[in-house]
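Residues per chain are reported as follows:
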Amino acid sequence: MITLKNVILRRGAKVLLDSASVTLNPGEKVGLIGRNGAGKSSLFALFSGTLHEDGGDFSVPTQWRMAQV
């Protein structure tokens, strides 16, 4: 499962996530919507490991593979 606990995510001076917490279980389907610049791509970069959280805890099982289009 993907777990975010009190995650803070910033891009420059802009705070995208502030104390965000969620658990995504295997098999769940999630939609992510938002206006341009809201942080959707940054969240996926966090999931893929190319971006790191500024605070809180984030985990994805090491054996999981992710793909995005």
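Going by the structure above, here's the rest.
Residues numbered from 1 in each chain as written. Predicted model: local features only at pLDDT ≥ 70, side-chain atom pairs only at ≥ 80, totals over all residues. Heavy atoms only, no water.

Here's the deal with the nonpolar core
One recurring pattern in soluble globular proteins is that nonpolar side chains are buried together.
Step number 1: Listed in full, the eight residues of the largest apolar core are Ile2, Leu4, Val7, Leu24, Leu43, Leu46, Phe47 and Phe58.
Step number 2: Residue assignment for this core shows that the elements contributing at least two residues are strand S1 (2–11) and helix H1 (40–48).
Step number 3: Each residue touching Leu43, except ones within four places of it in the same chain, is listed here: Leu4, Leu9, Leu17 and Leu32. (Core = buried A, V, L, I, M, F, W, Y, C linked by side-chain atoms within 4.5 Å. Buried < 20%, exposed > 50% of the residue type's maximum accessible area, 1.4 Å probe, protein only. Helix = DSSP H or I, 4+ residues; strand = E, 2+ residues; numbered from the N terminus. Contact = heavy atoms within 4.5 Å.)

Remarks on the side chain of Ser42
Step number 1: The topology assignment puts Ser42 in helix H1.
Step number 2: With sequence-adjacent residues up to four places away left out, Ser42 is seen in contact with Leu9, Arg11, Leu16 and Leu51.

As for the packing of aromatic side chains
Step number 1: Applying the stated criterion across every chain yields a total of two aromatic pairs.
Step number 2: For the pair Phe44 and Phe47, a centre-to-centre distance of 6.0 Å together with 85° between the ring planes defines the contact as edge-to-face. Note that Phe44 and Phe47 are positioned in helix H1 at a spacing of three residues, about one turn of the helix.
Step number 3: Phe44 sits in the partly exposed class, given a relative accessible area of 35%.
Step number 4: Ring geometry for Phe47 versus Phe58: centroids 5.8 Å apart, planes at 15°, classification stacked. Taken together, the positions of Phe47 in helix H1 and Phe58 in strand S3 (residues 55–59) put the pair eleven residues apart, joining distant regions of the chain.
Step number 5: On the basis of relative accessible area, Phe47 is assigned to the buried category, the value being 15%.
Step number 6: Here the aromatic residues Phe44, Phe47 and Phe58 are joined through ring pairs into a cluster of three or more. (Phe/Tyr/Trp six-rings, centres within 6.5 Å; stacked < 30°, edge-to-face > 60°.)

Notes on H1
Step number 1: Among the residues making up H1, those that are buried are Ser42, Leu43, Ala45, Leu46 and Phe47.
Step number 2: Packing partners of the buried residues in H1 comprise S1, strand S2 (14–24) and S3.
Step number 3: Of the residues trailing H1, Gly49 is marked for its positive phi of about 95°.

Overview of the pairing of S1
Step number 1: Relative to S2, S1 runs antiparallel, the two sharing seven bridges. Among the inter-strand pairings, Arg10 is bridged to a residue of S2, identified as Val15.
Step number 2: Taking the residues between adjacent antiparallel strands as the criterion, S1 and S2 are bridged by two residues, where Gly12 takes a positive phi near 65°.
Step number 3: Where S1 lies against S3, four bridges are found, and the strand directions are antiparallel. (Pairing = 2+ DSSP bridges.)

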